[in-house]
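Observations on the model geometry
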Amino acid sequence: MKSICVISGGGSGMGLEAAKILGRKHKIILMGRTVAKLENAVKQLSDVGIEAEAYPADASHRESVRKLAAYAAQLGEVKVLIHAAGVSPHMTDAQKIFEINAIGTMNMDEEFVKIMPEGSCILNVSSMSAYMLPADKVPKQIYKLSLSDAEAFRLAVNQMLSQVPLEQQTGTAYTLSKNFVLWYTARMAVKFGKQGIRIVSISPGTFKTPMGEIEGKEAASFAERGALGRMGEPEEIAKMMAFMVSDECSYLTGVDILYDGGSVAALQAMKEDRAQ
């Protein structure tokens, strides 16, 4: 029985780069919605001697995720789950953004903790956008619904989004969904820590990935105004992701790593200087 690493959104970008590192110790299952992209990624991995296979699935569909978890468990011990699948404000409507980014995270985490052993780790991918939501605006009472009633949670969020001006809905949905990932990661870490399962998150800035290209010049300029003054390379965040899920980080859980080249720090410094 081999050690298994499942990576959602692993068909390209940082998920694929993480697979190239984690594939040295684990059999890789790449999950995503686009079969051709997954198959191309598997070929890339196979060409460098990494055992990998594709599994088409949609994180926002609970039954699809449940079948994936059961399949992965049949192949060996699922020691690592990296949930990198998600969509940006430029890709779909507000409700779908929240469904994929937030409900998708719930589906992945809740189904995989059922089959993951002690000493395993889940890494949820958020975004630096999560840090753009002021602390006093975080709707924690609505977030708490996710722990007991997913449908009530979905309806409450949709109601909240319907009150936002139409032109701001996709951006608001994205920020909320990624902020929720931080909150949910911490709550899941507390719930499953005694089982020996670590649950962490990472919040990328702007990277040279297909998603980064979709975000366009605005995202690139934001990165250029950051502390390091550049966009990140996919390999850079892949190394951090692999480190976070490794046994070398065995005491790391319930926290987020903001991995954005100092973009949020630069924005906060600018706001503080303007306020003087």
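Up top is the structure these notes are about.
Rules used in this analysis
Residues numbered from 1 in each chain as written. Predicted model: local features only at pLDDT ≥ 70, side-chain atom pairs only at ≥ 80, totals over all residues. Heavy atoms only, no water. Helix = DSSP H or I, 4+ residues; strand = E, 2+ residues; numbered from the N terminus. Rg over C-alpha atoms; globule rule 2.2 N^0.38 Å. Contact = heavy atoms within 4.5 Å. Areas by Shrake-Rupley, 256 points an atom, 1.4 Å probe, with all protein chains shown as cover. Lys, Arg positive; Asp, Glu negative; His and termini not counted. Charge placed at Lys NZ, Arg CZ, Asp CG, Glu CD. Polar contact = N/O pair within 3.5 Å; in protein donor to acceptor, adjacent residues only side chain to side chain. Pairing = 2+ DSSP bridges. Axes fitted to C-alpha atoms, helices over the stretch in contact; angles between N-to-C directions. Core = buried A, V, L, I, M, F, W, Y, C linked by side-chain atoms within 4.5 Å. Buried < 20%, exposed > 50% of the residue type's maximum accessible area, 1.4 Å probe, protein only. 1 Å grid on protein atoms, 1.4 Å probe; cavity = no way out; pocket = protein on both sides within 12 Å on 5 of 7 lines; lining within 4 Å. Points joined across faces, edges and corners; volume = space filled by probe spheres on them. Nonpolar A, V, L, I, M, F, W, Y, C, P; charged D, E, K, R; others polar.

What to know about the overall build of the protein
- If you tally the helices and strands in the protein, you get 10 helices and 7 strands.
- A compact globule built from 276 residues would reach a C-alpha radius of gyration of about 19 Å, and the protein, at 18 Å, matches this within 12%.
- Principal-axis analysis of the C-alpha atoms gives the protein an extent of 60 × 40 × 35 Å.
- Taking as baseline every contact in the protein between residues at least 6 positions apart, the subset at least 24 positions apart corresponds to 77%.
- When the accessible surface of the protein is totalled, it reaches about 13100 Å², and 53% of it is carbon and sulfur.
- Charged side chains in the protein number 30 positive and 31 negative. The centres of these two groups are separated by 2 Å.

Notes on the side chain of Ser64
- Assignment of secondary structure puts Ser64 in helix α3 (residues 62-75).
- Among the polar contacts listed, one links the side chain of Ser64 to the backbone nitrogen of Asp58, at a separation of 3.3 Å.
- When neighbours within four sequence positions are excluded, Ser64 is seen to be in contact with Ala57 and Asp58.

Let's talk about the sheet that holds strand β7 (residues 256-259)
- Strand order in this open sheet of 7 strands is β3-β2-β1-β4-β5-β6-β7, and the pairing throughout is parallel. Two strands lie at the open edges of the sheet, namely β3 (52-56) and β7, each paired on one side alone. Taking the axes of each pair of neighbouring strands and ignoring which way they run, one obtains an average angle of 20° across the sheet.
- Both strand β1 (residues 2-8) and strand β2 (residues 27-32) contribute to a ladder of 5 bridges, which runs parallel. Counted as the bridge partner of Cys5 is Ile28 from β2.
- On the sheet, helix α4 (residues 94-112) packs against β1, β2, β4 (76-83), β5 (121-125) and β6 (198-204) and is oriented at approximately 165° with respect to β4.

Looking at the nonpolar core
- Ranked by size, the top nonpolar core spans 43 residues in total, and within it Val6 and Phe112 carry the most contacts.
- Ignoring sequence-local partners within four residues, the contact set of Val6 consists of Ile29, Leu68, Ala72, Val78, Val80, Leu81, Ile82 and Phe112.
- Listed in part, the 30 residues of the second largest apolar core include Cys5, Leu30, Ala52 and Met241.

Focus: the layout of surface pockets
- In this structure, the second largest pocket encloses a volume near 330 Å³.
- Contributing elements (two or more residues each) for the lining of the second largest pocket: α1 (13-22), β4 and α9 (234-244).
- Ranked by the residues each element gives to the lining of the second largest pocket, the list is headed by α9, at 3 residues.
- The residue makeup of the lining of the second largest pocket, split by class, is 6 nonpolar, 3 polar and 6 charged.

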